[in-house]
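Residue strings, one per chain:
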Amino acid sequence: MRCPTSESNTVQAAHQQANYNINAALADIKGKSVVAQCHESISRKMAAPGSHTVLPTPGVLPSQNEPIIPKSDVSDKQTLLAVLQFLKKNNLKGTEELLKQEAGIKDDEVTPQSTTATESDVSHALAAYKSSDDPSLYSDYYTDLKAFIDSCLDVHKVELAVILYPVFVHMYLELVYNGHETYAVEFFEKFHSDQEDYYQSDLRQLSTVVKRDHMQGNTLMENFKSSKFVIKMSRDSYIHLKRRLQEKQMKPLLNIVQEHLFVDVFDGMPRNKQQIQLSSGAILGESEREANRVKVYYGLLKEPDINIPLEEEEDTGEDDKPKKKKQKKDPLMMKKSKNDPNAPQNNRIPLPELKDSDKIEKVTVFRETTKRVKVGSSNMPSICFYTLLNSFQGATCVEISEDSSLLAAGFSNSTIRVYSLNSVKLRTMKKSKDLDIIDKEAEDVLERMMDDRTASDHKVLLGHSGPVYATNFSRDRKFLISASEDGTIRLWSLLTWTNLVCYKGHIYPVWDVKFSPHGHYFVSCGHDKTARVWSTDHSQPLRIFAGHLSDVDCASFHPNSNYIATGSSDRVVRMWDNLTGNCVRILTGHKGAVQVLCFSPDGRFLASSGVDRCVLLWDISSGSLLSNMKGHTDTVYCLAFSREGATLASGGLDNYVRLWDVHKVLQEVDMEADLSIPSSFTVNENPNLLFGSFPTKSTPVLAVHFTRRNLLLASGPHQT
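As a starting point, this report considers the structure included with it. Everything numeric in this text was worked out from a predicted model, so none of it was measured.

Another point: the side chain of Asp619. If you trace the backbone, Asp619 turns up in strand S26 (residues 614-619). A polar side-chain atom of Asp619 sits 2.9 Å from a polar atom in the side chain of Ser621.

This is the structure we're talking about:
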């Protein structure tokens, strides 16, 4: 459904890259200028509670005059000249003039960067692949390494086999870099089919690099060059491997292990094949153990005290005389009033204050909770499916509002259609001249503001200039946010049914967008490999999360709004802290692009799925994989937890809605295992976790949603 377009060099992309390079280059200069100070502020805390100050963004430079940087420091001046050459090369005149003015550098001191200099920079970056070894021996070295691993005991064999893929890639790149094209092609053809199936798409991309000139600009090549491939290995297996390489004097292999691999050695028993398979698959291997040790506050925020009584019931006796009214007790409210040790402080990040309408909405939710039906394998949920018929425009996404009253669908012809799922018609607000005569003190003033003449079952929103890939309703259902191939995010009013704001920041198509559960903030992600956090009242992002190696395909807010999860085509799920901007969890195990994420209602667990057709369940507190649920036969595009979190629903392109028993997963998994030792964790792959499969006639499932009473809603476009 999502077809990323080929990247092109745009002025906006160059401008963003230039400013990041300025930040890096000026970081060590004494007497930092205002440019460096501006960029450093990006990593500071969000605006204080109650404040709406926007954090500076990389593309905005202040114009104040700052003291000139001393010219006596030769190394500093060389750094400045290098930055200015980069700006001049990319035709960023405004930024260049500002920096020259601050640094006191004259025009004749800046000379355009020559082609020779550029080539030397590339050579320096790829120098790690320089080798004088005999190219004819590379195949023999690799064959010998494979034979050694096959001859090892089974307890070491499965761990050592993980090293074959990164060694193969780097040996191939060494041959290409040193000009041995014929040997490189022969080496690739001989051994590429031995690699795991989930690496074959990467290898097809790598096969296009057959000359040294091709190494510049190749995405996979850049990833392998800039980061080390991570492998977890027991100490016994690692010593076994190192001794072999030293005894056989395999210099090329030793250099690759030392220069390009990060072997995360742990004490304890070696991992078995299942454990290795379940954590591998990412472009650059697994996550380091240290990456998941930061404390994550996964608990829910403390609910505010709401002094509005819940619904009361009247008891009648046998003589039909009314008795004393009994007020219902709300167990959910009583439970949430307690302090959760794993929950963040309510003021950890600035959140909007509750309005009276929000408090009334919470009371309504609590009332619905008392009538909720618990669903599971012994009590299957009812399913209501909404089929989009005659969708010749090509439905690309479907979203259902939190209260299950509205459904929004995005189409490839750039339109968005919003449908009412109940008897309430969709109306537009009256014109300004009609609003002036309304009694603003009336209790039903909101009702009087709406024009009954405009009532209809659905509304159409026009504004995007490309396919709409994602829509999302705000919690109060007054706004809709949408993302498109045109690189923009649009905020729509569901009172006037018009576009309010067009947010521009992403360079390429935007794949997903989600509102925060507490409103005010939303997150977007796209083809530019970043996720961005925005506030509705500012046109620039508050946070830019960079770290994925490919498209960021999906994003989701944690229920407490303090964290964001992102899924990418690099087959990795990451969690980010909105306060610090740091990545706090790196979750590896998917064998294909991650297309959908969903947090459990209590915030403790995260479900993810995508192209590999597997639904993975993660424990956020430790970053460990709890379950790998298999059953789908095509890409999974939607996930939803039941309201109490015991059941997980999934849907995808195989035209099935499937139900998974999360409660059973938690019963069967040892939550107290010592996760500091990778060989000690277990993953539940019980096929009985799937307790329901419901086919559609010919409709891919693009949305699943549990109502407040646990009725399951699903939707998708009918395919003819």
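This part takes up unusual backbone geometry. A positive phi is found at Lys529, a non-glycine position, where the angle reads about 70°. Along the chain, Lys529 falls in the loop between strand S17 (521-526) and strand S18 (530-535). Of the residues examined, Lys529 reaches a relative accessible area of 25% and is grouped as partly exposed. Non-glycine residue Ser561 carries a positive phi angle of around 65°. Relative to the elements of secondary structure, Ser561 occurs in the loop between strand S20 (552-557) and strand S21 (563-568).

Turning our eyes to something else, we now look at the environment of Ser627. Within the secondary structure layout, Ser627 lies in strand S27 (residues 624-630). Classification of Ser627 as buried rests on a relative accessible area of 0%. Remark: the alpha-carbon pair of Ser627 and Val665, spanning 38 residues in sequence, is separated by 6.8 Å. Those residues within four positions of Ser627 in sequence are excluded, and the remaining contacts are Val615, Leu616, Leu617, Val665, Val683, Asn684 and Leu689. Of note is the side chain of Ser627, whose polar atom sits 2.8 Å from the backbone oxygen of Asn684.

Counting buried positions along S26 yields six of six residues, so the element is predominantly enclosed. Sheet topology places strand S25 (residues 605-610) next to S26; four bridges connect them, and they run antiparallel. Residue pairing for S26: Ser608 is matched across the bridge by Leu616. Between S25 and S26, which pair antiparallel and follow one another directly, the connecting turn spans three residues, one of which, Arg613, has a positive phi of 70°. Inspection of the sheet shows S26 paired to S27 by six bridges, in the antiparallel sense.

The rules behind each value
- Residues numbered from 1 in each chain as written.
- Predicted model: local features only at pLDDT ≥ 70, side-chain atom pairs only at ≥ 80, totals over all residues.
- Heavy atoms only, no water.
- Helix = DSSP H or I, 4+ residues; strand = E, 2+ residues; numbered from the N terminus.
- Polar contact = N/O pair within 3.5 Å; in protein donor to acceptor, adjacent residues only side chain to side chain.
- Buried < 20%, exposed > 50% of the residue type's maximum accessible area, 1.4 Å probe, protein only.
- Contact = heavy atoms within 4.5 Å.
- Pairing = 2+ DSSP bridges.

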